[in-house]
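Fold and contact review
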Amino acid sequence: MIKTRFTEMFGIKHPIVQGGMQWVGRAELTSAVANAGALGFLTGLTQPTPEDLRKEIKRCREMTDKPFGVNLTILPTLVPRPYGEYIDAIVDSGIKIVETAGNNPKPFLPKMQGAGIKVIHKCTSVRHGISAEKAGVDAISMDGFECAGHPGEDDVPNLVLLPAAANVIKIPMIASGGFADARGLVAALALGCEGVNMGTRFMATKEAPIHDKVKQTLVDSDERSTALILRTMRNTSRVFGNSVAKKAIEMEHEGKTIQEIGPIVAGAKGRVVYETGDMEHGIWSAGTCIGLINDIPTCRELVERIVSEAEAMIRGRLAKAIAA
Ligand code: NAD
């Protein structure tokens, strides 16, 4: 077992987190991750209304008695979302762990922490990590340029971002973006983190509630298969580089506005990809770690493999590298 401040703080067996994933972070996946001894998150905005989120939390509880949390991403959306009401649903449901992302969580902290919730803030830069720590969050998920979804605008990969953050951040920090196997976990520990957050890797698991064609695409694609959209709007998003993503980038270069591009990048269309396996129907998030995904295990197989291989690597190859 690998024990860190993060596993202790959140009462989990393994230092592995399945973070928010729009349309993917549903009860089937989150409960399977929790049952495997890792920390799973339901994605709040995947549920169309706060009432639906309450039901999804209840459904997840019926599938696991282990801790799990809810992700709340606070970013521009095509249709405005009532963030305050989503927080009410989280608090009223007795959730004790929340992953915030996308924006400064400070205004939301008193309500959540007042209800005994521990908050992990996902951010993409050292300066945002420092302000989240000052604001009083309990832990940081530091998200490098490799990540799926929103990598921020600084483009700093994790080999530099994580140790730079670890130099100044004192609260437990996990590494996010590019992590998919035991080598990543060992590297994250070496770089100053206390665990890893994985999104894309968990999409290629038996329990992920998405079409098999999406999972097979993750297995078949390499590390060059993603694309960055919405750069011109300073809301960069890393997605799978399909024809829709290429079209969106082309429209951006033509100077089109979010109102004009919105219909093709809409999450509602991406949802259809996950549900039907029509891989060119919309955009869908994917990180560069797709170059490291070669199979579709259960969540338990994946988590146990990562931890056991990481232990073997630390005890074996790394320990033996020290000259006598
Ligand atoms: P959506 O359909 O509302 O929007 C589609 C894309 O356009 C998103 O990337 C969104 O951020 C962007 N967008 C919308 N309005 C914009 C504006 N005015 N200016 C610039 N960009 C704009 O998004 P959705 O698929 O329903 O997802 C809901 C939210 O969750 C979005 O903000 C999305 O970016 C975010 N998200 C969350 C996760 C997660 O893991 N929690 C993953 C991916 C995206």
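Rules behind the numbers
Residues numbered from 1 in each chain as written. Predicted model: local features only at pLDDT ≥ 70, side-chain atom pairs only at ≥ 80, totals over all residues. Heavy atoms only, no water. 1 Å grid on protein atoms, 1.4 Å probe; cavity = no way out; pocket = protein on both sides within 12 Å on 5 of 7 lines; lining within 4 Å. Points joined across faces, edges and corners; volume = space filled by probe spheres on them. Nonpolar A, V, L, I, M, F, W, Y, C, P; charged D, E, K, R; others polar. Domains from an automatic or database assignment. Contact = heavy atoms within 4.5 Å. Buried area = accessible area lost by both parts, 1.4 Å probe. Salt bridge = Lys/Arg side-chain N within 4 Å of Asp/Glu carboxyl O. Helix = DSSP H or I, 4+ residues; strand = E, 2+ residues; numbered from the N terminus. Near = heavy atom within 4 Å. Polar contact = N/O pair within 3.5 Å; in protein donor to acceptor, adjacent residues only side chain to side chain. Areas by Shrake-Rupley, 256 points an atom, 1.4 Å probe, with all protein chains shown as cover. Pairing = 2+ DSSP bridges. Axes fitted to C-alpha atoms, helices over the stretch in contact; angles between N-to-C directions.

What to know about empty space enclosed by the protein
- A complete count under the given rule lists one cavity of 30 Å³ or more for this structure.
- Approximately 40 Å³ is the volume attributed to the largest cavity.
- Considering the residues around the largest cavity, the lining is formed by Thr124, Asp143, Gly144, Phe145, Pro151, Asp154, Asp155, Val156 and Leu161.
- Among the residues forming the lining of the largest cavity, the class breakdown is four nonpolar, two polar and three charged.

Remarks on the domain arrangement of the protein chain
- In terms of domains, the protein chain is made up of domain 1 (5-209 + 297-320) and domain 2 (226-285).
- Taking only C-alpha atoms into account, the centre of domain 1 sits 24 Å from that of domain 2.
- Taken together, the contact between domain 1 and domain 2 spans 18 residues of the former and 17 residues of the latter.
- Around 1,500 Å² of area is buried between domain 1 and domain 2 when both sides are counted, 53% of it from carbon and sulfur atoms.
- Three residues stand out in domain 1 for area buried against domain 2, namely Trp23, Leu78 and Glu153, and they jointly supply 40% of the buried area on that side.
- Where domain 1 meets domain 2, there are two salt bridges.
- The salt bridge partner of aspartate 155 is arginine 231, with a shortest N-O separation of 2.7 Å.

Comments concerning unusual backbone geometry
- You will see that leucine 230, though not glycine, has its phi angle at about 60 degrees, which is positive.
- Its place among the elements puts leucine 230 in the loop between β9 (226-229) and β10 (237-240).
- The residue arginine 234 is not glycine, and still its phi comes out positive at about 50 degrees.
- Relative to the assigned elements, arginine 234 resides in the loop between β9 and β10.

Things to note about the site of the ligand
- Neighbouring residues of the ligand: 20 residues in total, closest Gly20, Thr73, Leu78, His150 and Gly267.
- The separation between an oxygen atom of the ligand and a polar main-chain atom of proline 76 is 2.9 Å.
- A distance of 2.7 Å is found between an oxygen atom of the ligand and a backbone nitrogen or oxygen belonging to glycine 267.
- Within the complex, the protein chains bury 84% of what would otherwise be the 770 Å² of accessible surface of the ligand.

Describing the sheet that holds strand β8 (residues 196-198)
- Strands sit in the order β1-β2-β3-β4-β5-β6-β7-β8 around a closed barrel of eight strands; the barrel is parallel. Across the sheet, the mean angle separating the axes of adjacent strands is 25 degrees when strand polarity is ignored.
- Of the pairings in the sheet, the one linking strand β1 (residues 16-18) to strand β2 (residues 39-43) comprises two bridges and is parallel in character. Paired with valine 17 across the two strands is leucine 39, which belongs to β2.
- Sitting on the sheet, helix α7 (residues 158-166) is in contact with β6 (139-143) and β7 (173-176), with an inclination near 155 degrees to β6.

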